[in-house]
Amino acid sequence: KAGVTQTPRYLIKTRGQQVTLSCSPISGHRSVSWYQQTPGQGLQFLFEYFSETQRNKGNFPGRFSGRQFSNSRSEMNVSTLELGDSALYLCASRQGMTAEQYFGPGTRLTVT
Amino acid sequence: DAKTTQPPSMDCAEGRAANLPCNHSTISGNEYVYWYRQIHSQGPQYIIHGLKNNETNEMASLIITEDRKSSTLILPHATLRDTAVYYCIVRDPKAAGNKLTFGGGTRVLVKP
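A short tour of the structure in this document, coming up. Everything numeric here is computed off the predicted structure, so don't read it as measured data.

## Describing the overall build of chain A
Counting secondary structure elements, chain A contains zero helices and eleven strands. Against the compact-globule benchmark of 13 Å for 112 residues, chain A has a radius of gyration of 13 Å, which places it among compact chains. Principal axes of the C-alpha set define a box for chain A whose edges measure 35 × 25 × 25 Å. For chain A, with 112 residues in total, the buried portion stands at 49%. Summarising the internal contacts of chain A: among those between residues at least 6 apart in sequence, 54% fall at separations of at least 24. About 5200 Å² of surface is accessible on chain A, with carbon and sulfur atoms providing 47% of the total. In chain A, which carries 12 positive and 6 negative side-chain charges, the distance between the mean positions of the two groups comes to 3 Å.

Structural data, given as structure tokens:
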């Protein structure tokens, strides 16, 4: 089976712009979670989707949003980008609500 | 989720076994021990998990003490590609919320 894929792998944006990141889970996995990883804060949970419904949400401002499609693919959107949004954004999928998670390679976002 | 304590770093000789300790003295009965690793600039990779019995897969072995207050991840024959940060996490997979919280982890350097 193919692993979790994320596009794009690298992205450079300027402050105030918005960005959309994409994640394709492992085939058959219905849960997709998004994380932000920075050297200072470590890995922080953004949100999780299961069967097109947001099931859990972390402590991020409303500028961060996401959605999941019927084929389980997910997108994450960040509006009005700030310099502090520069990070590695990771997507993880799992088969059921209790299974272990498998991560994608991440999208490295740089905001200038 | 219970807190874990890991040594910040360790070196290992290529071809030798690497034994990575993790303390989780406040683990509760429903919490599993999970291990992930993250190679530089890549997404975290699931390695193994267990509840109370020792577990083995193609990547590693997990030894959990009888009182479940500590565990050891064993990489039987370390290779240079095993150089990564290894994270030990304890959590109840059925608890509400999917978020993983990674602590500082152990930075493992495999040397030729």
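Picking up where we left off.
## Remarks on the pattern of salt bridges
Once the charged atoms of two side chains with opposite charge are near each other, the side chains can pair. Under the criterion given, the structure shown has seven salt bridges over all chains. Put simply, B:Arg37 and B:Asp82 hold a salt bridge, and the shortest N to O gap is 2.7 Å. Within this pair, whereas B:Arg37 is found in strand E3 (residues 32-38), its partner B:Asp82 is found in the loop between strand E7 (70-75) and strand E8 (84-91), the two being separated by 45 residues in sequence. For B:Arg37, a relative accessible area of 10% puts it in the buried group. Each of the salt bridges in this network shares a partner with another, and the network as a whole consists of A:Arg63, A:Glu82 and A:Asp85.

## Comments concerning the interface of chain A and chain B
Quite often, the size of an interface is put as the accessible area lost when its parts meet. Taken residue by residue, the interface counts 19 residues in chain A and 19 residues in chain B. Of the roughly 1400 Å² buried between chain A and chain B, counting both surfaces, carbon and sulfur atoms make up 52%. Between the two partners, chain A and chain B, sit zero salt bridges. Looking at the side of chain A that touches chain B, the elements with two or more residues in it are strand E4 (31-38), strand E5 (42-50), strand E9 (87-94) and strand E10 (102-103) of chain A. Partitioned by chemical class, the residues of the side of chain A that touches chain B number nine nonpolar, six polar and four charged.

## So, the layout of surface pockets
A volume near 510 Å³ is recorded for the largest pocket. Lining the largest pocket are 24 residues; nearest its centre among them are A:Gln37, B:Gln38, B:His40, B:Tyr87 and B:Arg107. Breaking the lining of the largest pocket down by element, the ones donating at least two residues are E4 and E5 of chain A together with E8 and strand E9 (106-111) of chain B. Looking at side-chain class alone, the lining of the largest pocket contains ten nonpolar, twelve polar and two charged residues.

What counts as what
Residues numbered from 1 in each chain as written. Chains lettered and ligands numbered in written order. Predicted model: local features only at pLDDT ≥ 70, side-chain atom pairs only at ≥ 80, totals over all residues. Heavy atoms only, no water. Helix = DSSP H or I, 4+ residues; strand = E, 2+ residues; numbered from the N terminus. Rg over C-alpha atoms; globule rule 2.2 N^0.38 Å. Buried < 20%, exposed > 50% of the residue type's maximum accessible area, 1.4 Å probe, protein only. Contact = heavy atoms within 4.5 Å. Areas by Shrake-Rupley, 256 points an atom, 1.4 Å probe, with all protein chains shown as cover. Lys, Arg positive; Asp, Glu negative; His and termini not counted. Charge placed at Lys NZ, Arg CZ, Asp CG, Glu CD. Salt bridge = Lys/Arg side-chain N within 4 Å of Asp/Glu carboxyl O. Buried area = accessible area lost by both parts, 1.4 Å probe. Nonpolar A, V, L, I, M, F, W, Y, C, P; charged D, E, K, R; others polar. 1 Å grid on protein atoms, 1.4 Å probe; cavity = no way out; pocket = protein on both sides within 12 Å on 5 of 7 lines; lining within 4 Å. Points joined across faces, edges and corners; volume = space filled by probe spheres on them.

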